[in-house]
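# A structural walkthrough
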Amino acid sequence: MSTQVEHSRMFRRGRALGYLEEHDRHLTAKHDPQFSFGFIGCGMMGQEHIYNTLLLGRARVGGLYDPATKSIETASQLIAKNGQQDAPKIYASIEEACADPDTDALIIATPNYTHLDVMRAVAGCNKALFVEKPIATTVADAFEVCQLAAAHSRPVRFGLQYRFKSVYAEALTEVFERQSVGRVHSVNMLEHRFPFLDKVGQWNKFSVYTGGTLVEKCCHYFDLMNLFAGANPQRVFAVGNQAVNFHNFVYDNKKADGLDQAQMSIQYDNGVIGGFSLCMFTPGTREELVVCGDAGRVHASESARLGEANENRLEVWCGENGASSVRAPEYPSYITAAGHHGSTFFEHLSFVDELSGGAVSGPNLADGLWSVAVGAAAQLSIERGVAVDVAEVLPADFDAAQWVKTSYQEG
Ligand SMILES: NC(=O)c1ccc[n+]([C@@H]2O[C@H](COP(=O)([O-])OP(=O)(O)OC[C@H]3O[C@@H](n4cnc5c(N)ncnc54)[C@H](O)[C@@H]3O)[C@@H](O)[C@H]2O)c1
């Protein structure tokens, strides 16, 4: 019998007890990873996945594919620095990555506009797949990605990991397990943050490559709102524009065109109403979720001024129904520091558990599609200046009964 604490990564991360022989290691013993992953796209997010793969320790990095030499070089350095002694293969093409008999899964972290083509290239290979969000730049393409994923013989995951952030995971527990707010009637979210960071080829400055800011970035929030609302989004009204950022930004003779602020209302088909606020010219990052029900209110937030430490906070108001509380949900700091406030680590844990034959958790294929559909409907609403039925952006042959999002119990 051994305790969970004996297996803590805390003991295995460094080699602080460098004088010990291998046969004297127990808490600090390294375990051979069970799986091997190939990485397609090794920029910022690909490297976050590589780091989390090695931190989790249940898979090694088997190979890398990226046309950018610098991305390959920095990813290779990251792998060496984080304890993997043998260098990964460097593939010459996606096809080579698919044909590698030594990997079990491919992690795809290429720019949004490439996801459909990459998915077409990898679909049918004998490996599990992980595809970053948003799964495509249009709803039609997202639907094709979902159809390819549904026909794939191995597990397919999409990168909507915010539901694994500590504040939102705890908010889900409060709302659905403890029923702290009673029946949910409204879900509001806010993201106020700094401008889009630099990217390889600066693809994220152009709507044609991102799908529009409300698809690119905000699919995360729509996934959360859809989950808390417990229903399908029906109608969206949005206003927004490119108010401040990148007005003088020109790349390859093209002017940046992504919007940097928006306000949105969402009507769900069970009567829940949603609101979303985006500002991308803030000297810091602040995310908020407010869920109101007939018995209480849950307010979750992450907040950091630029360059300062983040603060998590969860406020639960229960009135006379029970104890209200204010707390600061946190993962261990080395997990939080691994990216996206620790959610990427838990996303990997959930993916690797599924590969090991364990429970399937996390977002499903339909969640990927619906999160893009809300963003696309919002972009269209801004363009037209009127509310848009989400049904209008869904493919003509879309059958909502077949594409059922996760409910909290499944997710
Ligand atoms: N889940 C999240 O929280 C999160 C956060 C950031 C980015 N992302 C997503 O991850 C993806 C990558 O974003 P990023 O920030 O890493 O961008 P990035 O520009 O930093 O890296 C993208 C990498 O993909 C490479 N690439 C381009 N086309 C390729 C192809 N066809 N095959 C293989 N490699 C290719 C580029 O050379 C680059 O190295 C995007 O879809 C983005 O939306 C998700």
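Residues numbered from 1 in each chain as written. Predicted model: local features only at pLDDT ≥ 70, side-chain atom pairs only at ≥ 80, totals over all residues. Heavy atoms only, no water.

Let us now look at the state of the cysteines. Within this structure, the stated rule accounts for zero disulfides. No disulfide involves C98; its sulfur sits 4.3 Å from the nearest other cysteine sulfur, which is in C125. C219 takes part in no disulfide bond, and the closest cysteine sulfur, belonging to C218, lies 7.8 Å away. C219 gets classed as buried once you look at its relative accessible area, which sits at 0%. (Disulfide = S-S within 2.5 Å. Buried < 20%, exposed > 50% of the residue type's maximum accessible area, 1.4 Å probe, protein only.)

Here strand β5 (residues 128-131) shows a buried face lined by A128 and F130 and a second buried face lined by L129 and V131. As paired elements, strand β4 (residues 105-108) and β5 share four bridges and run parallel to each other. Among the inter-strand pairings, I107 is bridged to a residue of β5, identified as F130. Crossover β4 to β5 through helix α5 (residues 115-122) is right-handed. (Helix = DSSP H or I, 4+ residues; strand = E, 2+ residues; numbered from the N terminus. Pairing = 2+ DSSP bridges. Right-handed = clockwise from strand over helix to strand, strands pointing away.)

Right, let's get into the sheet that holds strand β1 (residues 35-40). Hydrogen bonds along the backbone pair up the strands of a sheet, which may run parallel or antiparallel. Pairing within the open sheet is parallel, and its six strands lie in the order β3-β2-β1-β4-β5-β6. For this open sheet the edge positions go to β3 (89-90) and β6 (156-158), each flanked by a neighbour on one side alone. Its contacts with the sheet place helix α2 (residues 44-56) against β1, β2 (59-65), β4 and β5, and it is angled at close to 155 degrees to β2. (Contact = heavy atoms within 4.5 Å. Axes fitted to C-alpha atoms, helices over the stretch in contact; angles between N-to-C directions.)

Further remarks concern α5. Those residues of α5 that fall on the buried side of the exposure criterion are H115, L116, V118, M119 and V122. Burial along α5 is one-sided: seen end-on, the buried residues are contained in an arc of 165 degrees. Next to the buried residues of α5 lie β1, α4 (94-99), β4, β5, α6 (139-151) and β6. Count one or two residues on from α5 and you reach G124, which has phi positive near 90 degrees. (Arc of directions from axis to C-beta.)

Right, let's talk about unusual backbone geometry for a bit. Cis geometry is found at the peptide bond from K133 to P134, where omega equals -25 degrees. Take P134: it is sitting in the loop between β5 and α6. You will see that D252, though not glycine, has its phi angle at about 50 degrees, which is positive. Among the secondary structure elements, D252 is positioned in the loop between β9 (250-251) and β10 (254-255). Non-glycine residue N253 carries a positive phi angle of around 65 degrees. Take N253: its relative accessible area is 77%, and that puts it in the exposed class.

The side chains of a regular strand alternate, first on one face of the sheet and then on the other. Bridging between strand β8 (residues 233-241) and strand β11 (residues 261-268) involves eight bridges; their strand directions are antiparallel. Residue A238 lies in a different strand from β11, and its bridge partner there is M264. As paired strands, β8 and strand β17 (residues 388-389) are joined by two bridges and run antiparallel to one another. Opposite V236, over in β17, you have V388 as the bridge partner.

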